[in-house]
Amino acid sequence: MLRSTPCHVNVTFAVVEELNDKRLIVVTGKGGVGKTTIAAALAVQSAREGKRTLVCEVNTRERISQLLGKPEVGAEVTALDENLWAVDVRPQEAMREYALMLLKFESVYNAVFENRVVRYFLRFIPSLQELVLLGKILFHLKEKRPDGSWRFDRIIIDAPATGHAITFFSVPQVIIDTVPPGAMSSDAAWMRDFLIDRATTAVVLVSLPEEMPVNETLELHDALTTRVKMHPRLVVLNGFISRRFEAGDGDGVWAGLADVVRSHETRAQMSVDSQQKLASLKLPLITVPRLNVPDFDRKAIDAVAQRFGGAR
């Protein structure tokens, strides 16, 4: 017999509060698990709640503006909706902004950073590119409006995938450990402090109900907490498939349909097994159902966003 799928939001008030007071939300996971979708959905929901929200992609093919039915925004912070802005943080533009923040005057920047010899040697400063990308994002956390309020109440980072994410967020500590005291190491210190501040920053881990993504999520959690000292606060199990059939529903029906029933129940069992395995992290867990839609567009993002707002 066909069972109806529950429509309630699988999130508690405690889970919502876990993210509600955070100004920086980092979304990461294995490549292909849907972290960009989750980052976009979190950003949409945050904006709906009245928070001035900036969602950042990091040096990648821009997707969030496309998912939200908007033109590409590029390297400039661009408004997408009420309370919602986006930016694709790219190395060249981030380097320029970072250098201008340090040097204050564009003429000095042109004399120093546009010098061919200087640019050559900059390539040998460890992790400089990652530092300026991260610095560009975190700088927006410190920006204020004329009335003294934050320019952005919340920043959501669609972070690099697992291995690169660990390297990316380790960069401030690498700079502190390897670069002599000065402007760069000082900047690295405040960036590191933002990232590891439990009151400011939360990491959202995204996984799929499959063995490899789940195992990688467990490893990522361990690396972020032990090596980078960041704080995962929420796990999102994307593409979750709920049980819809009772035992024996496939018996005595057309063979093709019986195969469909068995296939669905196999994948549903994988979802349950994955949920149980991720529960070992002792973190709140939200399941996002698999959406069977021809085009994953703004309507689909809105549906996912509701998973993060229905318990208020």
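Conventions we followed
- Residues numbered from 1 in each chain as written.
- Predicted model: local features only at pLDDT ≥ 70, side-chain atom pairs only at ≥ 80, totals over all residues.
- Heavy atoms only, no water.
- Buried < 20%, exposed > 50% of the residue type's maximum accessible area, 1.4 Å probe, protein only.
- Helix = DSSP H or I, 4+ residues; strand = E, 2+ residues; numbered from the N terminus.
- Contact = heavy atoms within 4.5 Å.
- Pairing = 2+ DSSP bridges.
- Axes fitted to C-alpha atoms, helices over the stretch in contact; angles between N-to-C directions.
- Phe/Tyr/Trp six-rings, centres within 6.5 Å; stacked < 30°, edge-to-face > 60°.
- Core = buried A, V, L, I, M, F, W, Y, C linked by side-chain atoms within 4.5 Å.

Moving on to helix H12 (residues 298–305). Looking only at H12, the buried set comprises Ala300, Ile301, Asp302, Val304 and Ala305. Buried residues belonging to H12 abut helix H2 (35–48), helix H3 (64–67) and strand S8 (285–289).

Turning next to the pairing of strand S5 (residues 154–158). Among the five residues that make up S5, five are buried, leaving the element largely enclosed by the rest of the structure. Because side chains alternate across S5, one face comprises the buried residues Arg154, Ile156 and Asp158, and the other comprises Ile155 and Ile157, equally buried. The sheet contact formed by strand S1 (residues 24–29) and S5 spans four bridges and is parallel. If you follow Ile25 over to S5, its bridge partner there is Ile156.

This brings us to the sheet that holds strand S7 (residues 232–240). Taken together, eight strands build an open sheet; the order of strands is S3-S4-S2-S5-S1-S6-S7-S8 and the sheet is mixed. Only two strands of the sheet have a single partner each, and these edge strands are strand S3 (78–81) and S8. Averaged over all pairs of adjacent strands, the angle between their axes in this sheet comes to 25 degrees, without regard to strand direction. Examined bridge by bridge, strand S2 (residues 53–58) and strand S4 (residues 84–89) share six bridges and lie parallel to one another. Along S4, the bridge assignment pairs Thr53 with Leu84.

Throughout the structure, instances matching the rule amount to three aromatic pairs. Geometrically, the ring pair formed by Trp85 and Phe152 is edge-to-face, given 5.6 Å between the ring centres and 75 degrees between the ring planes. With Trp85 in strand S4 and Phe152 in the loop between helix H7 (128–142) and S5, this pair connects stretches of sequence that are 67 residues apart. Considered together, Trp85 and Phe152 belong to a single accessibility category, that of buried residues. Ring plane angle 90 degrees and centroid distance 5.8 Å describe the contact between Trp190 and Phe194, whose orientation is recorded as edge-to-face. Here Trp190 pairs with Phe194, and both are found in helix H9 (residues 183–196), just four residues apart, close to one helical turn. We classify Phe194 as buried; its relative accessible area is 19%.

The next subject is unusual backbone geometry. Of note, the phi angle at Asn83 is positive, near 70 degrees, even though the residue is not glycine. Tracing the chain through its elements places Asn83 in the loop between S3 and S4. Within the chain, Lys229 stands out as a residue other than glycine whose phi angle is a positive 70 degrees. When you line up the elements, Lys229 lands in the loop between helix H10 (211–228) and S7.

The next point concerns the environment of Asp273. As for its position among the elements, Asp273 is in helix H11 (residues 255–278). With relative accessibility at 38%, the residue Asp273 sits in the partly exposed group. Along the primary structure Asp273 and Val214 are separated by 59 residues, whereas in three dimensions their C-alpha atoms are 9.9 Å apart.

Let us look at the side chain of His140. Inspection of the secondary structure puts His140 in helix H7. Apart from the residues lying within four places of it in its own chain, the contact partners of His140 are Leu54, Val77, Arg151, Phe152 and Ile155.

Turning our eyes to something else, we now look at the nonpolar core. Judged by nonpolar contacts, the single largest core of 49 residues is most densely connected at Leu24, Val26, Leu138, Ile155, Ile157, Phe169 and Met230. Tallying contributions element by element places H7 first for this core, with eight residues. The residues contacting Val26, other than those within four sequence positions of it, are Ile157, Ala159, Phe169, Thr201, Ala202, Val203, Val204 and Met230. By size, the runner-up hydrophobic cluster in this structure holds 33 residues, among which are Leu42, Ala43, Ala202 and Ile301.

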